[in-house]
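Architecture and fold: a report
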Amino acid sequence: MGHYEHYADTILNLKKIHTAVPKAQALLFEFTSILETIGYLLRAEFEKGAGIIHSIETAMEKFGKLMNKGNKMMICYYAGYLCFGVKRYREALGWFRHILNDTDANFRPDIYCFTMIVNLIVHYELGNREQLLYYTRSTYRFLLKRQRLYKVENLVLKWIRS
């Protein structure tokens, strides 16, 4: 990110906006959380990023029903990814479950598929062999059913099966 100063300033300016309208508060939370977590991920600052997880959890409890479903999925994915980056695997699973437990996999299939694959890697890291077998089959069937088994997805599944 060549213009990090502008990026950081944008986040700070968004955080300075105050409103009494709950839906607007939720949107401000969504946008700042997405921008902030993406920034940490892109700069591979997992420790710093993991430091905001608690505040994200608290805000999600407060705004949960007011949040945009797609933004909520993105926040959960990025929060899970940050936890994964600092080896807080069980916490990462909790974030990923928010996405995987959603019955509408077609709403954001990109996030859903990425989450399924990272979920496999987390179970591998935790040594959850039984769950890993189940999720590997489940993920493979899901991806085949969608007729979108790309090279990277295929490589990850082959690696985990071996």
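Owing to the predicted nature of the structure, the values given are computational and were not obtained by experimental measurement.

**A look at the packing of helix H2 (residues 22–42) against helix H4 (residues 53–63)**
- Where H2 contacts H4, the two axes come as close as 10 Å, and the packing angle between them is 150°. Here H2 lies roughly antiparallel to H4, going by the angle between them. When the axes of H2 and H4 are compared, the crossing they make is left-handed. Taken together, the residues of H4 that come into contact with H2 (itself represented by Pro22, Gln25, Ala26, Phe29, Ser33 and Thr37) are Ile56, Ala59, Met60, Lys62 and Phe63.
- For the contact of H2 with H4, the residue count by class is seven nonpolar, three polar and one charged.

**As for the nonpolar core**
- In terms of nonpolar packing, the biggest core is built from 41 residues, with Phe29, Met60 and Trp95 touching the most fellow members.
- The set of elements that each furnish at least two residues to this core consists of H2, H4, helix H5 (69–85), helix H6 (89–100), helix H7 (109–126) and helix H8 (129–145).
- Counting residues per element, this core draws most heavily on H5, which supplies nine residues.

**As for the packing of H5 against H6**
- Two numbers describe how H5 lies on H6: the axes approach to 8 Å, and their chain directions differ by 165°. As the angle between them shows, H5 and H6 are arranged roughly antiparallel. Handedness of the H5/H6 crossing: left-handed. In contact with Met73, Cys76, Tyr77, Ala79, Gly80, Tyr81, Cys83 and Phe84 of H5, H6 contributes Tyr89, Glu91, Ala92, Trp95, Phe96, His98 and Ile99.
- Each residue belonging to the contact of H5 with H6 can be placed in one class, and the counts come to 12 nonpolar, two polar and one charged.

**Examining the pattern of salt bridges**
- Inspection of every chain in the model, using the stated rule, returns six salt bridges.
- As a salt-bridge pair, Arg43 and Glu45 come within 2.9 Å of each other at their nearest N and O atoms.
- According to the relative accessible area criterion, Arg43 is partly exposed, its value standing at 23%.
- Residue Glu45 is classed as partly exposed on the basis of its relative accessible area of 24%.
- A salt bridge links Glu91 to Arg88, with the shortest nitrogen-to-oxygen separation between them at 2.8 Å.
- According to the relative accessible area criterion, Arg88 is partly exposed, its value standing at 32%.
- One network of salt bridges, in which partners are shared, links Arg43, Glu45 and Lys48.

**Topic: the environment of Lys23**
- Mapping Lys23 onto the fold places it in helix H2.
- Judged by its relative accessible area of 39%, Lys23 falls in the partly exposed class.
- Spatially, the C-alpha atom of Lys23 lies 24 Å from that of Ala8, the residues being 15 residues apart in sequence.

Rules used in this analysis
Residues numbered from 1 in each chain as written. Predicted model: local features only at pLDDT ≥ 70, side-chain atom pairs only at ≥ 80, totals over all residues. Heavy atoms only, no water. Axes fitted to C-alpha atoms, helices over the stretch in contact; angles between N-to-C directions. Helix = DSSP H or I, 4+ residues; strand = E, 2+ residues; numbered from the N terminus. Parallel < 35°, antiparallel > 145°, perpendicular 65-115°, else oblique. Left-handed = near helix turned anticlockwise from the far one by under 90°. Contact = heavy atoms within 4.5 Å. Nonpolar A, V, L, I, M, F, W, Y, C, P; charged D, E, K, R; others polar. Core = buried A, V, L, I, M, F, W, Y, C linked by side-chain atoms within 4.5 Å. Buried < 20%, exposed > 50% of the residue type's maximum accessible area, 1.4 Å probe, protein only. Salt bridge = Lys/Arg side-chain N within 4 Å of Asp/Glu carboxyl O.

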